[in-house]
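Notes for the structure review
One letter stands for each residue in the lines below.
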Amino acid sequence: MTLDALGPLALFTLIATISPGGATTLATASGLQFGVARSIPMIFGIAVGMATLAAAAAAGLASLVLASPILHMLLKIAGTAYLLWLAFVIAGSGRPQQKADLGKPVSFLGGMGLLWLNPKGWAMTMGAAASFSSLITNPVSLASLLGLGFGVSAIFSLSLWCSTGAVLARLLKSDIQWRILNIALGILLAASVVPIWVL
């Protein structure tokens, strides 16, 4: 392993996690509906999911998924169903209720599941594992560094998107503004499944 690989790896993981997609849309919607503090378990769940998925991809698990067309198709179907369900819930939300028991943010395990069932997450981490395997030839080092890079970058990126949602929540004044933004976020999340089936 060369130290020259660390800079490009950190940049790659930051760009991959900060670019808009299903997880960032979900983080924005959670910040909007529940605030940053109540969204922390989801943020950490997504980050741990991303880190473990990246480590597993670097360790070779991704090649098993790609070798089994049935498993790959099941992963696509489960991931699509989960993301569409979340999109439906977000689009149907209105102004947040004052009672905490009326709505709950996505849990830590739900955040992990978002990544482990998301073929886009698999593609991103497999691409990173393939790209950096020539620079970091030890599989354990590659898995550790990719896991750490994706995990830290995901925490930073999702916190930023979640905070953006929390700021938007302070700016929205009317029920119609809440409805329009929630529908837009639901549509963006639903649209994030298109590349799963096109690529």
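In what follows, the structure referred to is the one given above.
I will try to describe carefully the structure that is included in this document. Predicted, not measured: the structure shown is a model, and the values here were computed from it. Residue indices begin from 1 for each chain and proceed along its sequence in written order. This being a predicted model, a pLDDT of at least 70 is required before a residue's local features are given, and a value of 80 or more before pairs of side-chain atoms are given or counted; all residues contribute to the totals for chains, interfaces and linings. Excluded from the side-chain calculation are hydrogens and water; included are all heavy atoms of the structure.

Below, the discussion takes up the side chain of S153. Position of S153 relative to the elements: it lies in helix α7 (residues 139-171). Each residue's exposure class comes from its accessible area (1.4 Å probe, protein chains only) as a fraction of the maximum for that residue type: buried when under 20%, exposed when over 50%, partly exposed otherwise. Assessed through its relative accessible area of 9%, S153 is described here as buried. Contacts of S153, omitting those with residues within four sequence positions, involve A10, T13, L14 and T17. Helix numbering and strand numbering both begin at the N terminus, where a helix is a DSSP run of H or I of at least 4 residues and a strand a DSSP run of E of at least 2. In what follows, residue pairs with any heavy atoms lying within 4.5 Å of each other are defined as contacts.

For the rest of this paragraph, the subject is the packing of helix α4 (residues 69-91) against helix α5 (residues 108-116). Here, axes are lines fitted to C-alpha atoms. For helices the fit covers the stretch in contact, and angles between N-to-C directions go from 0 to 180 degrees. In the contact formed by α4 and α5, the axes pass within 9 Å of each other and the chain directions differ by 135°. When the interaxial angle is binned, α4 and α5 end up oblique. Here α4 and α5 pass one another in a crossing that is left-handed. Here α4 contributes L75, Y82, L83 and L86 to the contact with α5, which in turn contributes G110, G113, L114 and W116. Of the residues contributing to the contact of α4 with α5, the split by class is six nonpolar, two polar and no charged. In what follows, roughly perpendicular refers to angles from 65 to 115 degrees, roughly parallel to angles under 35, roughly antiparallel to angles over 145, and oblique to any angle outside these ranges. Crossing chirality is assigned from the near helix's rotation relative to the far helix, an anticlockwise turn below a right angle marking it left-handed and a clockwise turn marking it right-handed. Amino acids outside the nonpolar list (Ala, Val, Leu, Ile, Met, Phe, Trp, Tyr, Cys, Pro) and the charged list (Asp, Glu, Lys, Arg) are all regarded as polar, and Gly is one of them.

Expected span of a helix: the number of residues minus one, times 1.5 Å. For helix α1 (residues 6-18), with 13 residues, the first-to-last C-alpha span of 18 Å sits near the 18 Å given by 1.5 Å per residue. Looking at the buried residues of α1, the elements they touch are α2 (22-59), α6 (119-132) and α7.

Another point: a nonpolar patch on the surface. Note that patches include only residues with greater than 30% relative accessible area and no salt bridge, and the join distances are 9 Å for like charges and 5 Å for nonpolar side chains (Val, Leu, Ile, Met, Phe, Trp, Tyr). Per-residue accessibility takes into account occlusion by the displayed protein chains alone, with areas from the Shrake-Rupley method and a 1.4 Å probe. By convention in these notes, a salt bridge is any Lys or Arg side-chain nitrogen within 4 Å of a carboxyl oxygen on Asp or Glu. On the surface, V36, I40, F44, V48, F108 and L109 cluster together to form a nonpolar patch covering roughly 490 Å² of accessible area. Contributing elements (two or more residues each) for the nonpolar patch: α2 and α5. When residues of the nonpolar patch are assigned to their parent elements, the largest contribution, four residues, is made by α2.

The next thing to look at is the nonpolar core. Counting 38 residues, the largest nonpolar core has L26, M42, I46, L86, L114, L146 and F150 as the members making the most contacts within it. Of all the elements in the fold, those that place two or more residues in this core are α1, α2, α4, α5, α6, α7 and α8 (175-191). The greatest single-element share of this core, amounting to 11 residues, is contributed by α2. Residue contacts for M42: discarding those within four places in its chain leaves L26, A27, S30, V106, S107, F108 and G111. Residue types Ala, Val, Leu, Ile, Met, Phe, Trp, Tyr and Cys, when buried and joined through side-chain atoms within 4.5 Å, form a set referred to as a nonpolar core.

On to the environment of S144, then. Position of S144 relative to the elements: it lies in helix α7. Accessibility expressed as a relative area gives 46% for S144, which makes it partly exposed.

On to the side chain of T28. Turning to its location among the elements, T28 is positioned in helix α2. Beyond its immediate chain neighbours, meaning those up to four positions away, T28 contacts W161, C162, G165 and L185.

Centre distance and the angle of the planes are the two values used to describe a pair of aromatic rings. Two aromatic rings from Phe, Tyr or Trp, using only the six-membered ring of Trp, form a pair when their centres are within 6.5 Å; if the ring planes differ by under 30 degrees the pair is stacked, by over 60 it is edge-to-face, and anything between is tilted. Taken as a whole and assessed by the stated rule, the structure comprises one aromatic pair. On the numbers, 6.3 Å between centres and 90° between planes, the contact of F12 with F150 is edge-to-face. Of this pair, F12 sits in helix α1 while F150 sits in helix α7, and the two are 138 residues apart along the sequence. The exposure class assigned to F12 is partly exposed, which follows from its relative accessible area of 30%. By relative accessible area, which is 0% here, F150 ends up buried.

Turning to the packing of α1 against α7, a few remarks are in order. Two measures define how a pair of helices packs: the angle their axes make with one another and the distance between the axes. At a minimum axis distance of 8 Å, the contact between α1 and α7 shows a crossing angle of 40°. Judged by the inter-axis angle, α1 sits oblique to α7. Note on packing geometry: the crossing formed by α1 with α7 is right-handed. Where α1 abuts α7, its residues L6, L9, A10, F12, T13, L14, A16, T17 and I18 lie against L145, L146, G149, F150, S153, A154, F156, S157, L160 and W161. Residues that form the contact of α1 with α7 fall into these classes: 14 nonpolar, five polar and no charged.

The subject of this paragraph is the environment of R179. Within the secondary structure, R179 is located in helix α8. Classification of R179 by relative accessible area gives partly exposed; the value is 35%. On a C-alpha basis, the gap between R179 and R95 in space is 7.4 Å, while along the polypeptide they are 84 residues apart. Each residue touching R179, except ones within four places of it in the same chain, is listed here: A91, G92 and S93.

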